[in-house]
Amino acid sequence: MLTPTIETSEAGTETPRLEIKGVGRDFHTKAGVTHAVSGIDLTIQRGEFVALIGRSGCGKTTLLRMIGGLLAPTAGTIEVDGKSLWRENNHVDSSAITKLGFVFQESNLFPWFSVLDNIALPLKLRGVGKKERRARAADLADLVGLSGFERSYPRELSGGMRQRAAIARALSTEPELLLMDEPFGALDALTRERMNLELQRIVLETTSTVVFVTHDIPEAVFLADRVVHMTPRPGRIRQILPADFPKPRAVDLQTTPEFNDIVRSLRHDLDEEE
Amino acid sequence: MSQSRMLKILPWIVTPSLVVLIVVAWHVIVTTLNVNTFIFPPPAMVWDSLVTLLGEARTWEAVGVTVTEVLIGFSIAVVAGLIVGVVLGKVHWLELSLRPLIVISQVAPKVAFVPLFVIWFGFGLTSKVVLSALLAFFPVMLNVLLGVRSVEQGHREVMQSFNASRGQTFLQLEMRSLQPYLFAGMEVGIVLATIGAIVGEYLGGNDGLGNLVVSAMNSLDAARTFALIILLSLIGLVLYLIVNEAKRFFIPWHESVYGLRNTTG
Ligand SMILES: Nc1ncnc2c1ncn2[C@@H]1O[C@H](COP(=O)(O)OP(=O)(O)OP(=O)(O)O)[C@@H](O)[C@H]1O
Ligand SMILES: [Mg+2]
């Protein structure tokens, strides 16, 4: 059931959607201890779009998985709407999880379900009736531009279409916080641009908060309100750059000097890492 | 003609041609070498025997008995294999502690147990069903076990991210992703179940096609024995095709089914 959870905040003193304090994660392997992520402080307000960029291996996925309730931090706290996500013994607060939607780097669609059933799966898990969840899944398929493909199997879709189906699936529970791990990593530049515009439209329409991992600097600046730049070993936040251009943004934005200043400055800082 | 059309038609040309070739070669060898037809009958004699055989009521009774044994044994093997495979796949310590026993019972020549089964379960249907089920059980169980362990980590995380309960993960994910493995086990299992029933009939009792083979052999009727072997092979083929068809019906999304249907060459 999609029962709305009671917000702990009252109007005026709005709690942030996501509050990350001193979060770290170590991995113990045969080779020794890896400090994948360390000392992350980040506060994200409702409706904000935050992009995480950084070199390969700097801990972006690790951080996102901790926010998504898939991996327990070894240090620090993560609060969703003022409520701690991780409880003792690495148990995750399931009421917080219901507010999240996760889009993985691979679409991870279930091959045995049609596109429609894949999108409707989270609703099925919540006990939404067949008729209602199918109707809502059809709406979502339409939203991500997959109408006409509802009955196809994932294997019959292109990579970009699969990724859109995965986004629709994540959106089906109307998540307040959308976590996306390089969702467009495998796409060509043109498809990617179109997907960026679609994502922006969807996010504005659904007023979700988004944490978006990417390798692509212009993509980060184009989509995000703030770009968080992380550096590796251990994964830390090096700087947070605002990119406050009015929304919705058009592709033309990418040719403006203001846009390119931010891109250039980020690229410069990324290059500076030894 | 497109390459994919070719690929579809190919078996329908090659298989009949090969069968004809073998029959002709058989005929030529038997007649030119002057082999005693009691020992190696020519195809025509086997064909006559087959026609006679199919005209006898007791043949069809025997077919009914053998198929019943196979189907009961196979069903038991599938249900037991599925349950044991899932339990062993999920409960690691149990699988680990039972592993030596599983390996031993898997490599043990189960056919050697038939005399014991006859002593325990009598000469009737039961002893054959038991052997049939026992032979088919292992491929089903081992494949299911592998299937339970082969669930993709990414899919697990999807279920986790949607707050799925253990029961939901089991039904929507684990049971689904083990299906191709179950069918792989069933395809091997149905063949072994057929072998189990026939061997059971060879060694005990006086019912079923296996028993007809034994009496044909006792009366030194090689042509009839051949005809019975052909009949048994046809039954085995039909049973296998039924399982294969079930697979196509239940897992149309899987590579083994989908890929074949959509080969582009
Ligand atoms: N399960 C794990 N076990 C051990 N080490 C891990 C594990 N997961 C991640 N790491 C280590 O943590 C560090 C950060 O990994 P992470 O996947 O978060 O990087 P990333 O920023 O997402 O990289 P990419 O851009 O290539 O996806 C890496 O050095 C990696 O080796
Ligand atoms: Mg990553």
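Keep in mind the model is a prediction, meaning the values are calculated, not measured.

A. Broad picture of the overall build of chain A. Helix and strand content of chain A: 8 helices and 10 strands. By the burial criterion, 54% of the 274 residues in chain A qualify as buried. A sequence separation of at least 24 residues applies to 69% of the contacts in chain A between residues at least 6 apart. Accessible area of chain A: about 12400 Å², with a carbon and sulfur share of 51%.

B. Fine view of the packing of helix α9 (residues 179–203) of chain B against helix α10 (residues 208–218) of chain B. Residues and elements named next belong to chain B. The interhelical angle for the contact between α9 and α10, taken along N-to-C directions, is 45°, at an axis separation of 7 Å. Taken together, the axis directions place α9 and α10 in an arrangement best described as oblique. Both α9 and α10 take part in a crossing whose hand is right-handed. Residues Ile198, Glu201 and Tyr202 of α9 form the contact with α10, whose own contacting residues are Gly208, Leu209, Gly210, Asn211, Val213 and Val214. For the contact of α9 with α10, the class distribution of residues is 5 nonpolar, 3 polar and 1 charged.

C. Focus on the environment of Thr32 of chain B. Residue and element names in this part refer to chain B. Along the chain, Thr32 falls in helix α1 (residues 3–32). By relative accessible area, which is 58% here, Thr32 ends up exposed. Of note is the side chain of Thr32, whose polar atom sits 2.6 Å from the backbone oxygen of Val28.

D. Looking closely at the side chain of His254 of chain B. Counting through the fold element by element, His254 of chain B comes out in the loop between α11 (222–250) and α12 (255–261). Look past the residues within four positions of His254 of chain B in its chain and what remains in contact with it is Arg155 of chain A together with Pro180 and Gly259 of chain B.

E. The site of ligand 1, seen in detail. Residues and elements named next belong to chain A. Inspection of the region around ligand 1 gives 13 residues, with Ser56, Gly57, Lys60, Thr61 and Thr62 positioned closest. Residue Gly59 places a main-chain N or O atom 3.0 Å away from an oxygen atom belonging to ligand 1. Note that an oxygen atom of ligand 1 is positioned 2.7 Å from one of the side-chain N or O atoms of Thr61. Protein burial of ligand 1: of its 630 Å² of free accessible surface, 64% is covered by the chains. Where the shell around ligand 1 is concerned, the elements lending two or more residues are β1 (18–29) and α1 (60–67).

Rules used throughout
Each chain has its residues counted from 1, following the order in which its sequence is written. Chains carry letters and ligands carry numbers; both start at the beginning, A for chains and 1 for ligands, and go up in the order they are written. A pLDDT threshold of at least 70 governs which residues receive local features in this predicted model, and a stricter bar of 80 or more applies before side-chain atom pairs are shown or counted, although totals over entire chains, interfaces and linings include all residues. The side-chain numbers reported here are obtained from all heavy atoms of the structure, hydrogens and water having been left aside. For helices the rule is a DSSP run of H or I covering at least 4 residues; for strands it is a run of E covering at least 2, with both sets numbered from the N terminus onward. Accessible area is worked out with a 1.4 Å probe on protein chains only. A residue is then buried under 20% of its type maximum, exposed over 50%, and partly exposed in between. Pairs of residues are marked as contacts when any of their non-hydrogen atoms sit within 4.5 Å. Only the protein chains shown count as covering a residue, and every accessible area follows the Shrake-Rupley method with a 1.4 Å probe. In this analysis, axes come from line fits to C-alpha atoms, helices being fitted only over the stretch in contact, and the angle between any two N-to-C directions falls in the range 0 to 180 degrees. With respect to orientation, any angle under 35 degrees is reported as roughly parallel, any angle over 145 as roughly antiparallel, any angle of 65 to 115 as roughly perpendicular, and every other angle as oblique. For a crossing to be left-handed, the near helix must be turned anticlockwise from the far one by less than a right angle; the clockwise case is right-handed. Residue polarity is assigned by list, with Asp, Glu, Lys and Arg as charged and Ala, Val, Leu, Ile, Met, Phe, Trp, Tyr, Cys and Pro as nonpolar; anything else, Gly included, falls into the polar class. Side-chain atoms alone can form a polar contact between residues adjacent in sequence; in general such a contact is a pair of N or O atoms within 3.5 Å, and within protein one must be able to donate a hydrogen while the other accepts it. When we say a residue is near a molecule or strand, we mean one of its heavy atoms is within 4 Å of it.

Such coordinate-based values are descriptive only and should not be taken to indicate function.
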